[in-house]
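Given next are the chains, with one letter for each unit.
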Amino acid sequence: MPIATPEVYNEMLDRAKAGKFAYPAINVTSSQTLNAALRGFAEAESDGIVQISTGGAEFLGGQYSKDMVTGAVALAEYAHILAEKYPVNIALHTDHCPKDKLDGYVRPLLALSEERVKAGRNPLFQSHMWDGSAETLADNLAIAQELLEQGRRANIILEVEITPTGGEEDGVSHEINDSLYTTVDDAIRTAEALGLGEKGRYLLAASFGNVHGVYKPGNVVLRPELLKELNEGVAAKFGKASPFDFVFHGGSGSSEQEILTALDNGVVKMNIDTDTQYAFTRPVAAHMFQNYDGVLKVDGEVGNKKAYDPRTWGKLAEASMAARVVQATQHLRSAGNKIK
């Protein structure tokens, strides 16, 4: 199937919300990790989301120029060709863009998609994220309003992060403290500024104790039941039941019950990066240790070309990361739920 059209992406999100499941959003940084993500979704018979962060886009742009837009566009165009060979629907998304990188990342990508739509084509990406969590809520929402309108013109969904997620993600960091919990007042102010769909569709990354990066279960106090309070608080004021499509950030180390509670309370997208990075790298490390004298020309020897051929260890990395994607679809209940 091709990359999801705007209509298919909306259908994907609607089905997830109605069915109380979520799509893993897998960060990719190369054609190889893209293939791993697509393979995992296909093997799980799950539609899904592939996303590129600012750091990932810079890496994709090459270390000579480190151009984020070039990197993101190049992989997105590649994905449009590659995805046709996989029997699932895939949406392309850009992850975590703070204020100082908007002009060098999201705004140019939105403009590119807007031109594509004017020419009768589909947008290059299906959604973009604005991470204004380091700004005041007023400033955050003011910028979100502008991006939401531009996204609407380009048939693109906006993701907004209105309050901080702990830890560090591509240069944006927040302390782990009580500010990691979105309040009902925060949610009401968001609905007042961005509407509830009539101004354009958006996904809401609310904070319920989430922390980016690596942590063990029990080290972070997650309160996924808070999402229900946010939905109910906004529903009471605006008269629209279950108004938000929530995103779960910083989920590494979450318990199965915490994930299920989040799904039951409106999460339709869960970001996964740390776990898939490890899944990709672990078999590569094992290969290098197990074939030390093959991948290196030790003591004047010539090594073993078959051992250091990137295809040899690259296939192991792809299979391992794909298996982790399958596991994520099972945890999030999207496995077997692809649009027929």
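Here the structure is shown first, and the text comes after it.
Notes on the structure follow.

Conventions adopted
- Residues numbered from 1 in each chain as written.
- Predicted model: local features only at pLDDT ≥ 70, side-chain atom pairs only at ≥ 80, totals over all residues.
- Heavy atoms only, no water.
- 1 Å grid on protein atoms, 1.4 Å probe; cavity = no way out; pocket = protein on both sides within 12 Å on 5 of 7 lines; lining within 4 Å.
- Points joined across faces, edges and corners; volume = space filled by probe spheres on them.
- Helix = DSSP H or I, 4+ residues; strand = E, 2+ residues; numbered from the N terminus.
- Nonpolar A, V, L, I, M, F, W, Y, C, P; charged D, E, K, R; others polar.
- Contact = heavy atoms within 4.5 Å.
- Polar contact = N/O pair within 3.5 Å; in protein donor to acceptor, adjacent residues only side chain to side chain.
- Core = buried A, V, L, I, M, F, W, Y, C linked by side-chain atoms within 4.5 Å.
- Buried < 20%, exposed > 50% of the residue type's maximum accessible area, 1.4 Å probe, protein only.
- Pairing = 2+ DSSP bridges.
- Phe/Tyr/Trp six-rings, centres within 6.5 Å; stacked < 30°, edge-to-face > 60°.
- Expected span 1.5 Å × (residues − 1).
- Right-handed = clockwise from strand over helix to strand, strands pointing away.
- Axes fitted to C-alpha atoms, helices over the stretch in contact; angles between N-to-C directions.
- Parallel < 35°, antiparallel > 145°, perpendicular 65-115°, else oblique.
- Left-handed = near helix turned anticlockwise from the far one by under 90°.

Notes on empty space enclosed by the protein
A probe as big as a water molecule, rolled over the atoms, marks out the empty space that is left.
So, step 1. According to the stated counting rule, one finds one cavity of 30 Å³ or more in the structure shown.
So, step 2. In this model, the largest cavity occupies a volume close to 30 Å³.
So, step 3. Mapped onto the lining of the largest cavity, the elements with two or more residues apiece are β2 (48-53) and α4 (68-82).
So, step 4. Ranked by residues supplied to the lining of the largest cavity, first place goes to α4 with three residues.
So, step 5. Looking at side-chain class alone, the lining of the largest cavity contains eight nonpolar, no polar and no charged residues.

A word on the environment of K17
So, step 1. Among the secondary structure elements, K17 is positioned in helix α1 (residues 6-19).
So, step 2. In the structure, K17 is positioned 26 residues away from E43 in sequence and 22 Å away in space, judged by C-alpha atoms.
So, step 3. Setting aside chain neighbours within four positions, we find K17 in contact with S242, P243, F244, D245 and V268.
So, step 4. For K17, the side chain forms a polar contact with the main-chain oxygen of S242, separated by 2.6 Å.

Re the side chain of Q126
So, step 1. The topology assignment puts Q126 in the loop between α5 (106-118) and β4 (127-131).
So, step 2. Engagement of the side chain of Q126 in a polar contact is seen with the backbone oxygen of A4, the distance being 3.4 Å.
So, step 3. Once you skip the residues sitting within four places of it in the chain, Q126 turns out to touch I3, A4, Y9, I90, A91, L92, I156 and I157.

Re the nonpolar core
So, step 1. Counting 78 residues, the largest nonpolar core has V50, Y105, V160 and F244 as the members making the most contacts within it.
So, step 2. It is α4 that contributes the most residues to this core, eight residues altogether.
So, step 3. Beyond its immediate stretch of four places on either side in the chain, F244 contacts K17, A187, A191, L196, Y202, L204, L230, N231, V234 and G266.
So, step 4. If you look at the next biggest cluster of nonpolar residues, it comprises 16 residues, including M12, L13, I49 and L203.

Concerning the pairing of β2
So, step 1. With respect to burial, β2 is a largely interior element, six of its six residues being buried.
So, step 2. Side chains G48, V50 and I52 project from β2 onto one buried face, and the interleaved I49, Q51 and S53 project onto a second face that is buried too.
So, step 3. Two elements, strand β1 (residues 23-27) and β2, share three bridges in a ladder whose sense is parallel. Following the sheet pairing, A25 is matched in β2 by I49.

So, the packing of aromatic side chains
So, step 1. Using the criterion set out here, one finds four aromatic pairs in the structure.
So, step 2. Considering the side-chain rings of Y202 and F244, the 6.5 Å spacing of their centres and the 55° angle between planes classify their relative orientation as tilted. Taken together, the positions of Y202 in strand β8 (residues 202-205) and F244 in the loop between α8 (226-238) and β9 (246-248) put the pair 42 residues apart, joining distant regions of the chain. Neither Y202 nor F244 differs from the other in exposure class; each is buried.
So, step 3. With a centroid separation of 5.7 Å and 55° between ring planes, the pair formed by F244 and F246 is classed as tilted.

Considerations on helix α13 (residues 310-331)
So, step 1. Here α13 contains 22 residues, and its C-alpha end-to-end distance of 31 Å stays within 8% of the 32 Å for a straight helix at 1.5 Å per residue.
So, step 2. The elements touched by buried residues of α13 are β1, α2 (31-44), β10 (267-272) and α10 (274-290).
So, step 3. One or two positions beyond α13, positive phi appears at R333, with a value near 70°.

Remarks on the environment of G40
So, step 1. As for its placement among the helices and strands, G40 is situated in helix α2.
So, step 2. On a C-alpha basis, the gap between G40 and T329 in space is 8.7 Å, while along the polypeptide they are 289 residues apart.
So, step 3. Ignoring anything within four residues of it in the chain, the contact list for G40 reads A322, V325 and V326.

Describing the pairing of β4
So, step 1. Buried residues dominate β4, accounting for five of its five residues.
So, step 2. Burial of the side chains of β4 extends over both faces: S127, M129 and D131 are buried on one face and H128 and W130 on the other.
So, step 3. Relative to β4, strand β3 (residues 90-95) runs parallel, the two being bridged by two bridges. Within the sheet, the bridge partner assigned to T94 lies in β4 and is H128.
So, step 4. For the crossover that starts at β3, traverses α5 and ends in the parallel β4, the hand is right-handed.
So, step 5. Relative to strand β5 (residues 157-161), β4 runs parallel, the two sharing five bridges. Within β5, the residue paired with H128 across the bridge is L158.
So, step 6. Handedness of the β4-helix α6 (residues 137-153)-β5 crossover: right-handed.

Details of the packing of α2 against α13
So, step 1. Close contact between α2 and α13 brings their axes to 7 Å; oriented N to C, the two are set at 45°. Accordingly, the angle class assigned to the pair α2 and α13 is oblique. Judged by the twist between their axes, the crossing of α2 over α13 is right-handed. From α2, Q32, T33, N35, A36, A37, R39, G40, F41, E43 and A44 reach across to α13, where they touch G314, K315, E318, A319, M321, A322, V325, V326 and T329.
So, step 2. Considered class by class, the residues forming the contact of α2 with α13 number nine nonpolar, six polar and four charged.

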